[in-house]
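Descriptive analysis of the structure
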Amino acid sequence: MHWPRLALAAATAMILTGCGGDDDAPIPEEQAQQTAASDSAMAEETQVATPPRVAEPEVTPARGPVTATAAVDEPWVPTHTGTVNPGMSRAEVVGEWGEPVAERMADGRLYLFYRNGCEVTCGTFDVVFLEDGQVVDAIVRARGHTYSGTSSSPAGSEGVPTPPAGQAQT
C-alpha cells in the first residue's frame, strides 16, 4: 500500500472513530462521500483474490492383490496363405499373405508382422524383412505361410537371450 493511501486511511479511521477532532462536529457530506469512496477503493486494492478451488482427486478403494494371468496363444486360421520369395516387393508380399498386423521401419529396413497363432509359444509373429524394397529374410511359424529362401531363424531353432551390455555370452 502506498503511504498517501495509508495516511488517508488513518485520517478516515480517526474521523470515523472520533479521535483527533471535535467530537460533536458533524462530518461534511462531501468529506463523507470521499471517505467512503476511498475506503471502497482501498478495500478492492488490498483484497486478496481467492484462488480457484482445485477439485480433490477421487479416492478409489484398494483393488486388492493383482494377479498375473499367463499369456496364451489365440487360435488363428490363416486366410491368406502362400510362399514369400526373396526379392519380392511389399505389394507382392501383401498380395500373398494380406495386410500385416503391424509394420515398422528402422535403419532403412521394413519389417512386416503377420499373425501366426503361436505368438506366445513361438515368441514372435511371422516377420518379413525388406531392404531396398525387396524381401531379404523371413521368420515363419504359421501353417500356410512359407518362405522359399534361407531363414535366419528356421523353424525348430531355439532362441538365445541377448546378454546385457558388457557381459560375455556363455
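1. Observations regarding the overall build of the protein chain
The helix and strand tally for the protein chain stands at 4 helices and 6 strands. When burial is assessed residue by residue, the protein chain has 22% of its 170 residues classed as buried. Across the protein chain, contacts joining residues at least 24 apart in sequence account for 38% of those joining residues at least 6 apart. For the protein chain, the exposed surface amounts to about 12800 Å²; the carbon and sulfur share of it is 56%.

2. Focus: the environment of Val-77
With respect to the secondary-structure elements, Val-77 resides in the loop between helix H2 (29-46) and strand E1 (82-84). Taking relative accessible area as the criterion, Val-77 reaches 64% and is therefore assigned exposed. Residues Val-77 and Ala-142 lie 65 residues apart in sequence; the distance between their C-alpha atoms is 9.0 Å.

3. Section: the sheet that holds strand E2 (residues 102-106)
Strand order in this open sheet of 4 strands is E2-E3-E4-E5, and the pairing throughout is antiparallel. Single-partner strands in this sheet number two, and they are E2 and strand E5 (134-139). Neighbour to neighbour, the strand axes of the sheet diverge by 20 degrees on average, direction disregarded. Two strands pair when backbone bridges link them, and strand E3 (residues 109-114) and strand E4 (residues 126-131) are joined in this way by 6 bridges, in the antiparallel orientation. Paired with Leu-112 across the bridge in E4 is Val-128.

4. As for helix H3 (residues 90-97)
Of all the residues in H3, the buried ones are Val-93, Val-94 and Trp-97. Down the axis of H3, the buried set is contained in an arc of 100 degrees. They therefore lie on one face. Across H3 from its buried face, at more than 90 degrees, point the exposed residues Ala-91 and Gly-95. The inward-facing, buried residues of H3 contact E1, E3, E4, E5 and strand E6 (145-147). One or two residues past the end of H3 sits Gly-98, with phi positive at roughly 90 degrees.

5. Some thoughts on the pairing of E2
Sheet analysis places E2 next to E3, joined by 5 bridges and oriented antiparallel. Bridge pairing in E3 links Met-105 to Leu-110. Following E2, the chain reverses through 2 residues before pairing antiparallel with E3; Asp-107 in that reversal takes a positive phi of roughly 50 degrees.

What counts, and at which threshold
- Residues numbered from 1 in each chain as written.
- Predicted model: local features only at pLDDT ≥ 70, side-chain atom pairs only at ≥ 80, totals over all residues.
- Heavy atoms only, no water.
- Helix = DSSP H or I, 4+ residues; strand = E, 2+ residues; numbered from the N terminus.
- Buried < 20%, exposed > 50% of the residue type's maximum accessible area, 1.4 Å probe, protein only.
- Contact = heavy atoms within 4.5 Å.
- Areas by Shrake-Rupley, 256 points an atom, 1.4 Å probe, with all protein chains shown as cover.
- Pairing = 2+ DSSP bridges.
- Axes fitted to C-alpha atoms, helices over the stretch in contact; angles between N-to-C directions.
- Arc of directions from axis to C-beta.

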